[in-house]
Amino acid sequence: MRLSILSSSAVCLYSDEVAVFDSSDTEQTSDLDTAHLLPMLETKLYKRRWLMLFVFSAYSMSNAFMWLQYSIISNIFMRFYSIDSLAIDWLSMIYFLTYIPLILPVMWLLDNRGMRDVVVVGSAFNCIGAWIKTSTADPKMFAMTFFGQFVCSVATVYILGIPSRLASLWFGQQEVSTACSIGVLGNQMGIAIGFLIPPILVPNVDDMNELAHHIRIMFYISAGVATLIFILVVIVFQEKPEIPPTQAQAQARNLSPDEYSYTASILRLLCNKPFMLLVVSYGLNVGCFYAVSTLLNRMIIEHYPGEEVNAGRIGLTIVIAGMVGSLICGIWLDKTKTYKQTTLAVYLLSLIGMLVYSFTLNLGHLWVVFLTAGVLGFFMTGYLPLGFEFAVELTYPESEGTSSGLLNCSAQIFGIIFTISQGKIIDKWGTLAGNIFLCIFLLIGTVMTGFIKSDLRRQKANLQAEVQTVSVSTSVCAT
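A brief structural summary. (Residues numbered from 1 in each chain as written. Predicted model: local features only at pLDDT ≥ 70, side-chain atom pairs only at ≥ 80, totals over all residues. Heavy atoms only, no water.)

**Quick word on empty space enclosed by the protein**
Alright, step 1. Taken as a whole and assessed by the stated rule, the structure comprises four cavities of 30 Å³ or more.
Alright, step 2. In this structure, the largest cavity encloses a volume near 150 Å³.
Alright, step 3. What lines the largest cavity is a set of 16 residues, among which Leu160, Val184, Asn187, Leu384 and Phe388 lie closest to the centre.
Alright, step 4. Elements supplying a minimum of two residues to the lining of the largest cavity: helix H3 (48-68), helix H9 (176-201), helix H13 (273-303) and helix H17 (383-395).
Alright, step 5. Classifying every residue of the lining of the largest cavity by side-chain character gives 12 nonpolar, four polar and no charged.
Alright, step 6. Considered as a void within the structure, the second largest cavity measures approximately 110 Å³ in volume.
Alright, step 7. Forming the walls of the second largest cavity are Asn63, Ala64, Trp67, Tyr95, Phe96, Thr156, Leu160, Asn187, Ile191, Tyr290 and Gln412.
Alright, step 8. Those elements that place two or more of their residues in the lining of the second largest cavity are H3, helix H5 (85-113) and H9.
Alright, step 9. Ranked by the residues each element gives to the lining of the second largest cavity, the list is headed by H3, at three residues.
Alright, step 10. Its residues assigned to classes, the lining of the second largest cavity shows seven nonpolar, four polar and no charged. (1 Å grid on protein atoms, 1.4 Å probe; cavity = no way out; pocket = protein on both sides within 12 Å on 5 of 7 lines; lining within 4 Å. Points joined across faces, edges and corners; volume = space filled by probe spheres on them. Helix = DSSP H or I, 4+ residues; strand = E, 2+ residues; numbered from the N terminus. Nonpolar A, V, L, I, M, F, W, Y, C, P; charged D, E, K, R; others polar.)

Below is the structure:
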C-alpha cells in the first residue's frame, strides 16, 4: 500500500482550507483525540465504478423480475397448472426459503473468494434457471417450473448482500450511500417490471393453447435477458479497484488475512446489540414488503375483479415510488450522515403508509389505491438501502457482505412467516385483517428502531483520518 506524500507547503495550504468542526462533531472528535491515529493512505476513484454498478443492477433486476412473474398473475397460473393459491405463493416464497440455509456458505464464499466470483456464479444460476423454465409452458410441467424457480432463487443468495459491499469497495465517502441505493434500485426495478410485464404478456384468455403460447414467450424473453447479462458480468465485472476509494477501505486492506476469522466475525456481529436490533427490525419491515408484493394480486382482485393489469400497475407504482424514495434517502444520508434519525423516520412513515393503504383498499376507487400504494412504496421500499448502510456503519470493519447477509436472512424468515400468515388471514377474514396483521409488526419494528444506539464506526474511521491530516498539517506549518 502506497502512502500519500505531501510537501510541507501543500500541507500548510490544506490546513488553511480545513474548516473547524462544528458542535455536532465535538463528541466524535473528542473520542478520537486519544485514539491511535493511522497514517493517511492513497485513495482514488475510478470511472469504471459506475459501469460495475450498472452491470450488477441489471443482473439483480433480471432475478427480481422472475421472482414475481408468477404471483402477480396468480389466478391465471392457478388455472393453467390446476394448483391452489398456496402452491403459487410458494413459487415466490421459494426465494425466501432458499436464502436461509445458503446465506452462511455464500457469505463465506464472498469473504474468501471475493465479490467477482460470487456475482459470476449467481448470474450463472439465474441464467440456467431461466432456461429451465422455457420448457414448462405446459399444464403438466408445474414440478419443472418450480425447479426452474428454485434455481433462480439460488441466484438471489448471491445478489442481496452485494450492494453495500460494491459501494464500499468502489465508491467514495460522499457517494457510498447513493451507490448502495442505486444497487438496491436494480432489484426494485426488476420487481417493478415483474409487476408490469407479466399481466401484459400473459392475458387472461380461456384457450389453454393460446395461454401456453403467451407464457412461453414470457419465459423466453426472461432467458434471453438473463443470458445477455451473464455474458456482461463475465466480461465486465471486477473484484475491486487497485487503489481503494476511502481511508476506511485503505485501512481495512492493511489488515492481515490471518487477523480475520469468518466465524469470529459472525460471533462479533451476533453480540453487537445495536446491529441485532437492526436485524430484527429490518426483517419485520422487509418481510411485510415481501408479503404485500406476493399477495398483491389476491388483495386487488378481491375488491376489483378482473383488474389483473391494474394490479400489476399498482405494484409498479409501489416500486417506482420506492425507487425515488431509495435515491432520496441515499443522497440524504451522504449529505447528513443521520443514519438512525432517517431510518426511524422512514420506518414510522412506512407504518403510517400501511395503515392508510389498509383502510382505503376497499373504498371502490382504484385511483385511491394507486395513490396510497405509492405513498406506501415510497417509504417501505425506500427503507431497503437505509438498512444496509446503517448496518455497515454499526458493524465496521466487519465484512459488508456478512452484515447484509444477516439482514436479508432475517427478511426472508419474516417474509415466509408473513406471507403464509397473511394469506391464511385473507382467506378467512379478508384483506383488511391481513393488512392490520402486518401493521402490528411494523409498529413493533418502529419501537425497536428507536432503541438502536447510533454507533457510526465507519464515519469515525474516516473522521480519524481527517483529524490525522489536520494534526500533521499543523505540525508542519508550526515548523
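**Let's talk about the environment of Glu175**
Alright, step 1. As for its position among the elements, Glu175 is in the loop between helix H8 (162-170) and H9.
Alright, step 2. Along the backbone, Glu175 and Asp334 are 159 residues apart, and their C-alpha atoms lie at a distance of 6.0 Å.
Alright, step 3. Here Arg49 takes part through its side chain, which lies 2.9 Å from a polar atom of the side chain of Glu175. (Polar contact = N/O pair within 3.5 Å; in protein donor to acceptor, adjacent residues only side chain to side chain.)

**Focus on the pattern of salt bridges**
Alright, step 1. What the rule picks out here adds up to four salt bridges.
Alright, step 2. Ionic pairing is found between Arg298 and Asp427, a salt bridge with its closest N-O pair at 2.6 Å. Residue Arg298 is found in helix H13, and its partner Asp427 is found in helix H18 (residues 400-429); the two are separated by 129 residues along the sequence.
Alright, step 3. You can call Asp427 exposed: its relative accessible area is 52%.
Alright, step 4. One continuous salt-bridge network, built from bridges that share partners, spans Asp89, Arg298 and Asp427. (Salt bridge = Lys/Arg side-chain N within 4 Å of Asp/Glu carboxyl O. Buried < 20%, exposed > 50% of the residue type's maximum accessible area, 1.4 Å probe, protein only.)

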